[in-house]
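Observations on the three-dimensional arrangement
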Amino acid sequence: MTSTTSPSGQGATGAADHAALANAIRVLSMDAVQQANSGHPGMPMGMADVATVLFSKFLKFDPTAPNWPDRDRFVLSAGHGSMLLYSLLYLTGYEDMPIEELRNFRQLGAKTAGHPEFGAAGGIETTTGPLGQGLANAVGMALVERQLAARFGSDLVDHHTYCIAGDGCLMEGISHEAASLAGHLGLGKLIVFFDDNGISIDGPTSLTVSDDQVARFKALGWHAISVDGHDAGAIAAAITEAKASDKPSLIAAKTTIGYGSPNKGGTAGSHGAPLGGEEIALTRAALDWPHDPFVIPDDVLSGWRAIGARGADAHNSWGGRLANADAAKRGAFKNAMDGVLPTALAEAVQAHKAALVAEPPKVATRVASQMALEAITPALPELLGGSADLTGSNNTKTKAHAVLDQDNAGGNYLHYGVREHAMAAAMNGMALHGGVIPYGATFLVFTDYCRPSIRLAALMEIRSIFVMTHDSIGLGEDGPTHQPVEHLAALRAIPNLNVYRPADAIETAECWQAALETAETPSVIALTRQGLPQLRDDATPENKSAKGGYVLKDTGQSSRAVSLVATGSEVSIAIEAQAMLEAEGIGAAVVSMPCAELFDAQDKAYRDSVLAPGAARVVVEAGIRQSWDRLLGENGQFVGMSSFGASAPAGELYKKFGITAEGIVAAAKSAVSGQ
């Protein structure tokens, strides 16, 4: 194996100086991008000085314990500069980031993906690349740090969240939403570095933007200053000043992209392409770095490893405080950080289901969701809810909730304002931080604003719960701008996302339980505006909805001719249609399918027992057909939407678009005759 160190270091006394430490990041970044013939060397080279000061003097971390709960969080929102992060992880001694991973940058199976991917290696706090997402994740992390400190005390929770954002992050609209929220909440332990290099892919940023970012962030309630991003002393002073502020901080670091490259530094040429062999040789000479690619001198690597070892004492001291904490507090903290659900949760759901059977309500499932939350929230202190200025419409706040704001850091409910994009991304940051289970709400049609974050939650395999009400034309008079038609299909197209659409109050409670018990898959819970009858009359401890689909009402005939598969508000209509078919001697069973993804995950025997392979199939849903074709097969019939909705009372809309018992009967007869 080729040696990764050399006896000839940069420090004259054997101790590497700041320039040598920063240059190690620069050369590793340009060498890895060159070897992969793909990547972004400019940003890591430009921000190497900032990162070196941060990691060597301020960041609280321990590479031997990447998941230490009280570590500082470091988020690389400018994820295209991933080699900055990978270089730091290797240099500081993270066990699962050896030099071989840097050599294998952007290759199949490597932990060093083109953009950082959560879970690939220790020290990668979140998946970034879609610009601005990491910044909003960092807001969520900082918010949870404050909430957990209020709950468990600063002896166990006392850390900062640092984030590097680029000009693209700050141009994206999500940055405004996230920064506005952070400023309003006064998240003083959030420190964002703006890589102010004046370059984007197309060329100088003067082509597209002339914002004064420091003034902008000051207006949003931040502490904001500018600094020379290549002056180590000035950078350290700026961080010290930021840590002393009770506001979130923006440090605009004026840097040279591709710093050290004689011909491509300061230009778009170093942004998103390898420097090239000739330019790399010139850069090595300019940086006084005579070493071969991926070779780090002994004193430089030792200096970085000493930086990595610096946090061990703080980690050990924290471990002692945890061990000495009251047993109940220690147990609650560990369970919260590990995501362990209390047994009281299942007990609360079961008691709630029994109460629903005893007194069946006719309510919208958004109201049923609130009823479920009334039962669940007292049993689950980790649940952190919120809504994007639709609390009364989403029905997301209960008697057990207290508002989390500047005056009450220990609250468990957030008013996000009209900031759906930042809400969803901040929720992901909360889930990544650990210690809470976030849910946030808006109307289902506005998943369009949340979709990038929902997709990333699925990619990262985290437990974010997106509560989406007003889920169909059933919302009525607000019209087609607010009536989701394609949204259920679009969400079901995202891998590793469970889309729940419960039919009544009992299914709603079961869907909440299933979402909470699924730790590595985010959930969308789609809920109605209109009232629905309770269809279930059993309080069995079995969570039928957790299997995705089940026979709600079987045929009374000797055999089943047709399976009526429905979701949400259309299940009760399918029940009406079943009675009409049965009266004509056509054996029909109603299958409620609150979560198609969970149903698909069941074994074939179970799926066959529900769908009856020899029976014709009709799917009923007030959305488009697209996500149902595989279940329908060649001869199945679909009753739903094929166009946008209209502004009218819900009942009239269902008649206009043919989503009626009569429409289902006609579709069933057609399906049976086509078998």
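Residues numbered from 1 in each chain as written. Predicted model: local features only at pLDDT ≥ 70, side-chain atom pairs only at ≥ 80, totals over all residues. Heavy atoms only, no water.

With respect to the overall build of the protein
Where we set the bar: Helix numbering and strand numbering both begin at the N terminus, where a helix is a DSSP run of H or I of at least 4 residues and a strand a DSSP run of E of at least 2. Atoms counted for the radius of gyration: C-alpha only. Globule rule: 2.2 Å times the number of residues to the power 0.38. Think of it in three bands: with a 1.4 Å probe and only protein chains considered, a residue is buried below 20% of the maximum accessible area for its type, exposed above 50%, and partly exposed in between. Two residues form a contact once any of their heavy atoms are found within 4.5 Å. Computed with the Shrake-Rupley method and a 1.4 Å probe, the accessible areas treat only the protein chains shown as cover for residues. His is not counted here, nor are the chain ends, while Lys and Arg score as positive and Asp and Glu score as negative. Where a charge lies is defined by one atom per residue type, namely NZ (Lys), CZ (Arg), CG (Asp) and CD (Glu).
When you go through the protein residue by residue, the secondary structure sums to 26 helices and 22 strands. Compactness check: the protein gives a C-alpha radius of gyration of 28 Å against a globular reference of 26 Å for 675 residues, within 12% of the reference. In terms of overall dimensions, the protein has a C-alpha envelope of 95 × 55 × 50 Å along the principal axes. Looking at the protein as a whole, 60% of its 675 residues are labelled buried. Of the contacts formed within the protein by residues at least 6 apart in sequence, a portion of 78% connects residues at least 24 apart. Per element, the accessible surface of the protein, about 23,800 Å² overall, is 50% carbon and sulfur. The averaged location of the 72 negative side-chain charges in the protein is 3 Å from the averaged location of its 49 positive side-chain charges.

Focus on the layout of surface pockets
Threshold: Buried and open spaces are told apart on a 1 Å grid over the protein atoms alone, a cavity being a set of points where a 1.4 Å probe fits but cannot get out and a pocket being an open set with protein on both sides within 12 Å along at least five of seven lines. Residues with an atom within 4 Å of a point are the lining residues. Grid points are joined across faces, edges and corners, and a volume is the space filled by probe spheres set on the points.
Each pocket or cavity is described by its volume, and for the largest pocket that value is around 800 Å³. Taken together, 38 residues form the lining of the largest pocket, with Phe118, Met337, Ala431, Leu432 and Gly434 sitting closest to its centre. The set of elements that each furnish at least two residues to the lining of the largest pocket consists of helix 12 (312-324), helix 13 (327-338), helix 17 (420-433) and strand 13 (437-443). No other element matches the six residues that helix 13 contributes to the lining of the largest pocket.

Quick notes on the pairing of strand 14 (residues 465-469)
Going by this rule: Between any two strands, pairing holds if DSSP finds at least two bridges. When the strands point away from the viewer, a crossover counts as right-handed if the route from the first strand across the helix to the second turns clockwise.
In terms of residue burial, strand 14 counts as a mostly covered element, since five of its five residues are buried. Where burial is concerned, the two faces of strand 14 agree: the one with Ile465, Val467 and Thr469 and the one with Phe466 and Met468 are both buried. The sheet contact formed by strand 13 and strand 14 spans five bridges and is parallel. Counted as the bridge partner of Gly440 is Phe466 from strand 14. Crossover connection from strand 13 via helix 18 (residues 447-460) to parallel strand 14: handedness right-handed. Direction of pairing for strand 14 relative to strand 16 (residues 523-526): parallel, over a ladder of four bridges. What sits directly across from Phe466, in strand 16, is Val524.

Quick look at the packing of aromatic side chains
Going by this rule: A pair of aromatic rings is counted whenever rings of Phe, Tyr or Trp (Trp by its six-membered ring) have centres within 6.5 Å, and the orientation is called stacked for planes under 30 degrees apart, edge-to-face for over 60 and tilted otherwise. Each ring is checked for a lysine NZ or an arginine CZ that lies within 6 Å of its centre and within 35 degrees of its normal; such an atom marks a charge sitting over the ring.
What the rule picks out here adds up to 13 aromatic pairs. An angle of 85° between the planes, with centres 5.2 Å apart, marks the rings of Phe55 and Phe74 as edge-to-face. Within this pair, whereas Phe55 is found in helix 2 (residues 42-58), its partner Phe74 is found in strand 2 (residues 73-76), the two being separated by 19 residues in sequence. On the basis of an interplanar angle of 65° and a centroid distance of 6.1 Å, the ring pair of Tyr86 and Phe105 is categorised as edge-to-face. On the criterion of sequence distance, the pair formed by Tyr86 in helix 3 (residues 82-92) and Phe105 in the loop between helix 4 (99-103) and helix 5 (133-152) is long-range, its members being 19 residues apart. The buried category is assigned to Tyr86, whose relative accessible area is 0%. The ring of Tyr90 carries the charged tip of Arg305 above its face, separated from the ring centre by 5.2 Å.

Description of the sheet that holds strand 15 (residues 498-500)
We count it as follows: All axes here are fitted lines through C-alpha atoms, helices being fitted over the stretch that makes contact, and every angle between N-to-C directions spans 0 to 180 degrees.
The parallel open sheet is built from six strands, whose spatial order is 12-11-13-14-16-15. Each edge of the open sheet carries a strand with a single partner, namely strand 12 (413-415) and strand 15. Neighbour to neighbour, the strand axes of the sheet diverge by 20° on average, direction disregarded. Along the sheet face, helix 17 touches strand 11 (383-387), strand 12, strand 13 and strand 14 and points at about 165° away from the line of strand 13. The strands touched by helix 18 within the sheet are strand 13, strand 14 and strand 16, with strand 14 carrying the most contacts at an inclination of about 155°.

Concerning the side chain of Ser82
Its location among the elements puts Ser82 in helix 3. Beyond its immediate stretch of four places on either side in the chain, Ser82 contacts Leu76, Phe105, Ala113, Gly114, His115 and Pro116.

Observations concerning the packing of helix 2 against helix 3
Relative orientation and spacing of two packed helices are given, respectively, by the angle between their axes and the distance between those axes. What counts is decided by this rule: The labels follow the angle: roughly parallel below 35 degrees, roughly antiparallel above 145, roughly perpendicular from 65 to 115, and oblique for the rest. In a left-handed crossing the near helix is turned counterclockwise from the far helix by less than a right angle, and in a right-handed crossing that turn is clockwise.
Across the interface, helix 2 lies against helix 3 with an axial gap of 10 Å and an inter-helix angle of 40°. The angle between the axes of helix 2 and helix 3 places the two elements in the oblique class. When the axes of helix 2 and helix 3 are compared, the crossing they make is right-handed. Counting all contacts with helix 2, which are made through Met43, Pro44, Met47, Ala48, Ala51 and Phe55, the residues of helix 3 involved are Met83, Leu84, Leu88 and Thr92.

What about the confidence of the model for the protein?
The criterion, for reference: Per-residue confidence from the predictor is reported as pLDDT, a score between 0 and 100.
The predicted model of the protein averages 96 in pLDDT, with 98% of residues at 70 or higher. Taken as a whole, residues 1-14 scores under 50 in pLDDT and shows 34 contacts with residues more than four places along the chain or in a different chain.

Focus on the side chain of Glu125
So the rule is basically this: N or O atoms closer than or at 3.5 Å make up a polar contact, with two conditions inside protein: a donor-capable atom paired with an acceptor-capable one, and, for residues adjacent in sequence, both atoms drawn from side chains.
Topologically, Glu125 is positioned in the loop between helix 4 and helix 5. Here Arg71 takes part through its side chain, which lies 2.8 Å from a polar atom of the side chain of Glu125. Apart from residues lying up to four places away in sequence, Glu125 is in contact with Arg71, Asp72, Arg73, Phe74, Phe118, Met141 and Leu432.

Some details on the environment of Thr521
Its place among the elements puts Thr521 in the loop between helix 20 (505-517) and strand 16. Thr521 gets classed as buried once you look at its relative accessible area, which sits at 12%. When the C-alpha atoms of Thr521 and Gly640 are compared, they prove to be 28 Å apart, with 119 residues separating the residues in sequence. Not counting residues within four places of it along the chain, the set of residues in contact with Thr521 comprises Ile462, Arg463, Asn496, Leu497 and Asn498. Among the polar contacts made by the side chain of Thr521, one reaches the side chain of Asn496 at a distance of 2.8 Å.

Some thoughts on the pattern of salt bridges
Selection criterion: For this analysis, a salt bridge means a side-chain nitrogen from Lys or Arg found within 4 Å of a carboxyl oxygen belonging to Asp or Glu.
The final tally for this structure, using the stated rule, is 22 salt bridges. Note that Arg492 is salt-bridged to Glu621, the shortest N-O span being 2.8 Å. Taken together, the residues Arg492 in helix 19 (residues 487-492) and Glu621 in the loop between strand 21 (616-620) and helix 24 (629-632) connect sequence positions 129 residues apart. Both residues of the pair, Arg492 and Glu621, count as buried.

Thoughts on the nonpolar core
Rules: By nonpolar core we mean a set of buried residues, namely Ala, Val, Leu, Ile, Met, Phe, Trp, Tyr and Cys, connected to one another through side-chain atoms within 4.5 Å.
If you look at the biggest cluster of nonpolar residues, it comprises 74 residues, and the most contacted ones within it are Leu190, Trp222 and Met430. Among the elements that make up this core, the one with the highest residue count is helix 5 (11 residues). Those residues in contact with Leu190 that lie beyond four places of it in its chain are Ala138, Val139, Ala142, Thr161, Ala182, Trp222, Pro248 and Ser249. Counting 66 residues, the second largest nonpolar core, distinct from the first, contains Val27, Ala48, Leu76 and Leu88.

A few points about unusual backbone geometry
For His470, which is not a glycine, the phi torsion comes out positive at approximately 55°. Unusually for a residue other than glycine, Ala612 sits at a positive phi of about 55°. Relative to the elements of secondary structure, Ala612 occurs in the loop between helix 23 (604-611) and strand 21.

Observations concerning empty space enclosed by the protein
Counted only if it meets this: Here the nonpolar group is Ala, Val, Leu, Ile, Met, Phe, Trp, Tyr, Cys and Pro; Asp, Glu, Lys and Arg are the charged ones; every other residue, Gly included, is treated as polar.
Within this structure, the stated rule accounts for two cavities of 30 Å³ or more. By volume, the largest cavity is sized at about 100 Å³. Along the walls of the largest cavity sit Phe55, Leu59, Phe61, Pro66, Arg71, Asp72, Phe74, Leu85, Leu89, Tyr94, Gly123 and Glu125, which together make up its complete lining. Of the residues assigned to the lining of the largest cavity, the class counts are eight nonpolar, one polar and three charged. Taken together, Phe74, Val75, Leu76, Leu85, Gly123, Ile124, Glu125, Thr126 and Thr128 make up the full set of residues lining the second largest cavity. Across the lining of the second largest cavity, the residue classes tally to five nonpolar, three polar and one charged.

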